[in-house]
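Working through the structure, step by step
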Amino acid sequence: MKSVWPSALFLSLLCTGALGFEILPGSSLTHKKITQQALFNVTVQVCRALAKAEGTDFTFPAQPFTTQGVATACGAPRSSKTFSEAIEDIVNRNVRVDILYALKPSFHFDDEMFVQGKKIIIEGIQVVKASNKLENYEAARENLGEILHPLQDFYSHSNWVELGEKSPNSNLIKSGASIGNIAAKSRATCRSCDGNNCRNNILEDIIAEKILTSGYFSLTSLFATKPKGKCSHGGILDGTREIEPTGGINKDKESSNHGYLHTQAANIAIAATSELLEDIRGAAGDRPFLQMMGLFKGSSKALCFVIDTTSSMKDDIATVKTVTSTIINRNVGTANEPSLYILVPFNDPGFGPLTKTTDSAVFQNAIDSLVATGGGDPAEMSLSGLQLALSTAPSNSEIFLFTDAAAKNKNLKSTVIALIERTQSVVNFMITDTSSVNSRKRRAPSNRIAEADAQLYRDLAQASGGQAIEITKSELPQATVLIKESSNASLVTLLQAARNPGKAESFTFMIDDSVTNPTVYITGKSITFTLISPTGESQGSSDTTGSLIITSQSVGNFQSLQLKKQTGIWEMRIVSSNPYTLKVIGQSPIDFFFDFAVVSQGPFGGFDTLETRPSAGGNGSLLMSLTGSDTASVTEVTLVGSSGSEVIKGVLVPQNNSRVLVQVGKFPSGDFVVQVKGQADSFTSKALILFQRQSPTNFRSSNLTMNANPVTIIVPGTPFSVPFTLTTSGTSGNFTIRSTNSRGFDSTFPTSMFLEPGITGNGTVTLSAPLNTPSGTDVTLAIEAEAPGGTDSNYIVLRFSVLNTVTDFTPPVCEQLSLQTNCSVNCSMRMWEVSARVTDGADGTGVDLVTLKQGNGTIKTTLDSSNENITLVYYSASCCSPDMEIEVVDRVGNVGTCLFSGHKESTKLTQSPSFCLSVVIVGLHILTKMGIK
């Protein structure tokens, strides 16, 4: 029987965050749907608030919300891919809790583990806030996804809804606050269900006294136990469901024992998720919250330089300073402004320090401060610098490494390749003074980069889909055209190929209606080519008068060709016996991202995304999403061997969400790329367009399987263990084990492991973070295993966050010092003023941020000269804007709200009502769209 949700209840859910409730009773809501809805809710609210603060119009995205629609409404249409990736990252981390922690009741609020479950949430919130403060947004998203799972499970697995509660238990996200009266272990809470009817199985006294309980759960009935009289979780997977009292109380889906309350529990879970996100937003600020969500007003791309600062690099550094200034001056305030700036210098024997900032001026100053010095021998720490950049930069970054020296730490090659594969970042090398170019040299001939050393850089560039540009120092300014072009937003790869040894071959690529500025990059020596357009017109490499190439540039071993735009299939015929690479790019909103996946070994089925290479010799899967168009769909996915000789077509299995499951019978035997074909509505006409995209990153499969299941929080000064397992389906022998981490923390690990096929080996990496490591510091750990003779290898790349013990759980408070107001007559002719003192208490960490949330006046904040723990606030406004609200945040992210009014003297510290009010306004907008009054 279907029920009709009254508008009052609907708005009550909206007021607590369940904006845009659109899934009617009758459809079960999953963790994925709950999380996506809440993320959309709060993101729309943040963008609406920012638009109001900036005095710009805000247009609500159409229902149902999509990543493209929300990104466009937020003024960040070019961020649709990073926004989609951020949501998927959070959702995947949420869903994986059922895989990684299926048998840990505290992660699900099972077995009445309310104290332990809340501890997981509180610590996670602290990590998310600390990570955001240090702009470590990927770590913030991973931890956020993990804590949303127990938060949402509370409403399905406990009796909160059965107690008559209609809104979230806000104390779940407040340190030191009681979440309610928890049933004693000896107290009975349930009676057996009446057959399949479990509506009244919770005891009347438990309901009457508002006692919290939850169901007990066990995966097997053989060893299942629960205290006498306690409720079971219930369901076919629960081994306790047949133990008296029988049945269960979970509301996971409509067919569950208490499934009649599923929709109510799920919507309160949406509200609770929105409430937690609102707390994260308050601690971070609106713009950083959007950055955590992958939304940027300019480009979503980072500008990342890794620079050799030894003595011979003086001219190179000068060129980098010039090109940096050009890019910043050209792009600041435009759609191409980088979202993040990263600099990693390296020398010998050191590398760093890392500069990571969203402020272009800070980045420019760091570049301008570089000085060429030292470097006594020919080799430098280039791969250490690159490893740090790859560990720090967001996924899908484009990194530029400048050097005129060989790599001293060649042993890091496999680590760098692992990070390239995991982050799918592109690495370009600007190599000056190699022995393979004929030019004036700053280095003596004996110090030039040898061919074998240059090949290392070429291999890494090819693995990432980047370029290894070999030039003279005087040619470097010309080669920086690649950097300027790569800083453009919405770059997509249409084709990429490499041939070593070189051979004559024809390549085809498609330019669709959405692509602008199509560009071809070729690296290699003594290469000739013929370009053929969709209309059959051709132009050769020696033809300077043809119309297909608008501009061309050749420097060192690198050629750049900007093509005339013609939609359709193009052909590039290349002739060369030397190794070469070919890459075709363009600007387009339509792109894709994916994860390798395996069928979950957890009790709840589904797919688990991999943090390693996929398994060779058997079936494989990819989970894929398209971005940039709500009408785009995948029609074909192929895995193309890097040599071009092996092509494996996948089988498409649409999922009940925006992702597509791609199943393949096997993976190519060597390196391969992922090629996608699809269709979408044209952006300029009513026609249907066909498109083709390709991953720049080269991947490979492995006969080695690695797994690790660590806790994600590191406490400084305490040894941190990461157990891992290794299995081979190949030959037996001694396997080499390597482990590195991005922060250089002290670590121990086994250097080898003997394996036989099918037998699992166990190892442990132990890390130790120094006591002075700040909270929010992220650490990337790579564990690698190499088969005997180097014939095969695999890795697992993990990210951890550092959290110091938090003792401050109280938000700052406000004290009104003065109020001057006379707003009883014509408001346009009068002003009102207020001054206040904001403090964090004697034992607090101090006030970190004061933000004006409501009011059109002028606010000024200063530190009290006599006490740095006190912030003074001065505010003045027209009497036509008589109310003012500020949000106050301390250094560990505790958030409070203070309200002042020009009508009367009033100040209050509370949870901000502006969110509820704004969400109700948004909800009314949605109700109107749905025709509900």
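Since this is a predicted model, take the numbers as computed values, not measurements.

**So, the overall build of the chain**
- Summing up its helical and strand segments, the chain has 17 helices and 45 strands in all.
- The globule rule puts the C-alpha radius of gyration for 933 residues at 30 Å, and the 29 Å found for the chain is close to it.
- Across its three principal axes, the chain shows a C-alpha extent of roughly 85 × 80 × 60 Å.
- The 933 residues of the chain split such that 57% are buried.
- Across the chain, every contact between residues at least 6 apart in sequence was considered, and the portion connecting residues at least 24 apart equals 72%.
- Between the centroid of the 75 positive side chains of the chain and the centroid of its 84 negative side chains there is a distance of 3 Å.

**Quick look at the sheet that holds strand β38 (residues 813-820)**
- Pairing is antiparallel in the open sheet, where four strands are placed in the order β38-β39-β42-β41. This sheet does not close on itself; its edge strands, each paired only once, are β38 and β41 (858-864). Each neighbouring strand pair of the sheet contributes to a mean axis angle of 20°, computed without reference to strand direction.

**Considering the domain arrangement of the chain**
- Split into domains, the chain comes out as domain 1 (31-293), domain 2 (298-437 + 449-489), domain 3 (491-588), domain 4 (591-699), domain 5 (704-802) and domain 6 (813-901).
- Across the domain 2 to domain 5 interface the summed buried area is about 930 Å²; carbon plus sulfur atoms make up 53%.
- Between domain 2 and domain 5 we count zero salt bridges in total.
- One can count six residue pairs in polar contact (both at pLDDT 80 or more) joining domain 2 with domain 5.
- Looking at the side of domain 2 that touches domain 5, the elements that each hand over two or more residues are α12 (382-392) and α13 (413-423).
- Top contributing element to the side of domain 2 that touches domain 5 by residue count: α13, with six residues.
- Partitioning the side of domain 2 that touches domain 5 into residue classes produces four nonpolar, four polar and two charged.

**Overview of the environment of Gly502**
- Within the fold, Gly502 resides in the loop between β11 (491-499) and β12 (505-511).
- For the pair Gly502 and Pro579, spaced 77 residues apart in sequence, the C-alpha to C-alpha distance is 4.3 Å.

**Concerning helix α5 (residues 114-133)**
- Taking 1.5 Å of rise per residue, 20 residues should cover 28 Å, and α5 covers 29 Å from first to last C-alpha, within 8% of that figure.
- Within α5, 15 of the 20 residues are buried, which leaves it mostly tucked inside the rest of the structure.
- Following α5 by one or two positions, Glu135 adopts a phi angle in the positive range, close to 60°.

**Details of the nonpolar core**
- In terms of nonpolar packing, the biggest core is built from 57 residues, with Leu276, Phe289 and Met292 touching the most fellow members.
- Looking at this core, the elements with two or more residues in it are α2 (31-53), α3 (67-73), α4 (80-100), α5, α6 (137-157), α8 (262-284) and α9 (286-292).
- Top contributing element to this core by residue count: α2, with 10 residues.
- Setting aside anything within four residues of it in sequence, one finds Leu276 in contact with Ile121, Ile125, Leu144, Ile147, Leu148, Leu151 and Ile173.
- Membership of the second largest hydrophobic core comes to 35 residues, among which are Ala302, Val306, Leu390 and Ala782.

**Some thoughts on the packing of aromatic side chains**
- Scanning the model with the defined rule gives 26 aromatic pairs in all.
- Aromatic pair Phe40 and Phe65: ring centres 6.0 Å apart, planes at 75°, arrangement edge-to-face. Pair noted here: Phe40 is in helix α2 and Phe65 is in the loop between α2 and α3, with a separation of 25 residues, a long-range link. By the burial criterion, Phe40 is buried, and Phe65 matches it.
- Between Phe305 and Phe402 the ring centres are 5.6 Å apart and the planes differ by 90°, which places this aromatic pair in the edge-to-face class. In this pair, Phe305 sits in strand β3 (residues 302-308) while Phe402 sits in strand β7 (residues 398-403), placing the two residues 97 residues apart along the sequence. Accessibility assignment for this pair places Phe305 and Phe402 in one class, buried.
- These aromatic residues form a ring-pair network of at least three members: Phe592, Phe594, Phe596, Phe667, Phe672 and Phe699.
- Between Arg199 and the ring centre of Tyr260, over which it is positioned, the NZ or CZ distance is 4.0 Å.

**Regarding the UniProt feature "domain: VWA7 N-terminal" (unreviewed entry) in the chain**
- The sites that UniProt annotates as "domain: VWA7 N-terminal" (unreviewed entry) are residues 66-290.
- This span, residues 66-290, is 45% helix and 2% strand, and a straight line between its end C-alpha atoms measures 16 Å.

**Digging into the pairing of strand β34 (residues 752-755)**
- Judged by which residues are buried, β34 turns out to be one-sided: Met753 and Leu755 face inward and are buried, whereas Ser752 and Phe754, on the alternate face, are not.
- Examined bridge by bridge, strand β32 (residues 733-741) and β34 share four bridges and lie antiparallel to one another. Counted as the bridge partner of Gly733 is Leu755 from β34.

**Examining the packing of α2 against α6**
- Between α2 and α6, the least distance of the axes is 11 Å, while the angle of their chain directions is 105°. Here α2 is positioned roughly perpendicular relative to α6, judged by the angle of their axes. Of α6, the residues touching α2 (which contributes His31, Ile34 and Thr35) are Leu148, His149, Gln152 and Asp153.
- Taken together, the residues of the contact of α2 with α6 sort by class into two nonpolar, four polar and one charged.

**Some thoughts on a nonpolar patch on the surface**
- A contiguous nonpolar surface patch, about 410 Å² in accessible area, is contributed by Leu103, Leu219, Ile236 and Leu237.
- Given a relative accessible area of 36%, Leu219 falls into the partly exposed group.

**Some words on the sheet that holds strand β37 (residues 793-802)**
- Reading across the sheet, the five strands line up as β30-β37-β36-β32-β34 and stay open at both edges, with mixed pairing between neighbours. Edge positions in the sheet fall to β30 (713-714) and β34, since each has one partner strand and no second.
- This element, α13, spans β32, β36 (778-786) and β37 of the sheet and lies at about 70° to β37.

**Concerning the confidence of the model for the chain**
- The pLDDT averaged across the chain works out to 87; a share of 91% of its residues lies at or above 70.
- Model confidence for the chain, summarised as mean pLDDT per element, is weakest for helix α1 (residues 7-15) at 32 and strongest for strand β2 (residues 211-212) at 98.
- Below a pLDDT of 50 lies the segment residues 435-447, which in the model reaches 31 contacts outside its immediate sequence neighbourhood of four places, other chains included.
- A low-confidence stretch, residues 905-933 (pLDDT under 50), is modelled with 62 contacts involving residues beyond four sequence positions or located in other chains.

**Remarks on α4**
- Here α4 is 21 residues long and its end C-alpha atoms lie 29 Å apart, about the 30 Å a rise of 1.5 Å per residue gives.
- The buried fraction of α4 amounts to 18 of the 21 residues, a majority that puts the element mostly inside the structure.

**Here's the deal with the environment of Thr516**
- Structurally, the position occupied by Thr516 is in strand β13 (residues 516-524).
- Along the sequence, Thr516 and Gln587 sit 71 residues apart, while their C-alpha atoms lie 5.1 Å from each other.
- Not counting the four nearest positions on each side in its chain, Thr516 is found in contact with Gly586 and Gln587.

**A few points about the state of the cysteines**
- Following the criterion strictly, the structure yields six disulfides and no others.
- Disulfide pairing is shown between Cys190 and Cys231; the S-S distance is 2.0 Å. Taking the torsion about the sulfur-sulfur bond, which here is approximately 90°, the covalent link between Cys190 and Cys231 counts as right-handed. Of this pair, Cys190 sits in the loop between β1 (181-182) and α7 (204-208) while Cys231 sits in the loop between β2 and α8, and the two are 41 residues apart along the sequence. The residues Cys190 and Cys231 share a single accessibility class, namely buried.

**Some thoughts on the pattern of salt bridges**
- On inspection of all chains with the given rule, the structure shows 48 salt bridges.
- Note that Asp279 and Lys129 form a salt bridge whose closest N and O atoms lie 2.9 Å from each other. Here Asp279, found in helix α8, pairs with Lys129, found in helix α5; they are 150 residues apart in sequence, far enough to count as distant. Neither residue differs from the other here; Asp279 and Lys129 are each classed as buried.
- When the shortest N-O distance is used, the salt bridge between Asp671 and Arg700 registers 2.8 Å. On the criterion of sequence distance, the pair formed by Asp671 in the loop between β26 (660-664) and β27 (672-681) and Arg700 in the loop between β28 (688-694) and β29 (704-708) is long-range, its members being 29 residues apart.
- Salt bridges sharing common partners tie together Arg93, Arg96, Glu138, Glu142, Asp608, Glu611, Arg743, Asp778 and Arg799.

**Concerning unusual backbone geometry**
- For the peptide bond that leads from Gly352 to Pro353, omega is 5°, which places it in the cis range.
- Of the consecutive residues Asn500 and Pro501, the connecting peptide bond is found in the cis state with omega at 5°.
- For Pro501, the location among the structural elements is in the loop between β11 and β12.
- The backbone of Glu135 shows a phi angle near 60°, a positive value even though the residue is not glycine.
- Tracing the backbone through its elements, the reader meets Glu135 in the loop between α5 and α6.
- Positive phi values are uncommon outside glycine, yet Asn396 reaches one of about 65°.
- Inspection of the secondary structure puts Asn396 in the loop between α12 and β7.

Cut-offs and rules
Residues numbered from 1 in each chain as written. Predicted model: local features only at pLDDT ≥ 70, side-chain atom pairs only at ≥ 80, totals over all residues. Heavy atoms only, no water. Helix = DSSP H or I, 4+ residues; strand = E, 2+ residues; numbered from the N terminus. Rg over C-alpha atoms; globule rule 2.2 N^0.38 Å. Buried < 20%, exposed > 50% of the residue type's maximum accessible area, 1.4 Å probe, protein only. Contact = heavy atoms within 4.5 Å. Lys, Arg positive; Asp, Glu negative; His and termini not counted. Charge placed at Lys NZ, Arg CZ, Asp CG, Glu CD. Pairing = 2+ DSSP bridges. Axes fitted to C-alpha atoms, helices over the stretch in contact; angles between N-to-C directions. Domains from an automatic or database assignment. Buried area = accessible area lost by both parts, 1.4 Å probe. Salt bridge = Lys/Arg side-chain N within 4 Å of Asp/Glu carboxyl O. Polar contact = N/O pair within 3.5 Å; in protein donor to acceptor, adjacent residues only side chain to side chain. Nonpolar A, V, L, I, M, F, W, Y, C, P; charged D, E, K, R; others polar. Expected span 1.5 Å × (residues − 1). Core = buried A, V, L, I, M, F, W, Y, C linked by side-chain atoms within 4.5 Å. Phe/Tyr/Trp six-rings, centres within 6.5 Å; stacked < 30°, edge-to-face > 60°. Lys NZ or Arg CZ within 6 Å of the ring centre and 35° of its normal. UniProt positions renumbered as here; feature names shortened; annotations may be inferred. Parallel < 35°, antiparallel > 145°, perpendicular 65-115°, else oblique. Patch = residues over 30% accessible without salt bridge, like charges linked within 9 Å, V, L, I, M, F, W, Y side chains within 5 Å. Areas by Shrake-Rupley, 256 points an atom, 1.4 Å probe, with all protein chains shown as cover. pLDDT = per-residue confidence, 0-100. Disulfide = S-S within 2.5 Å.

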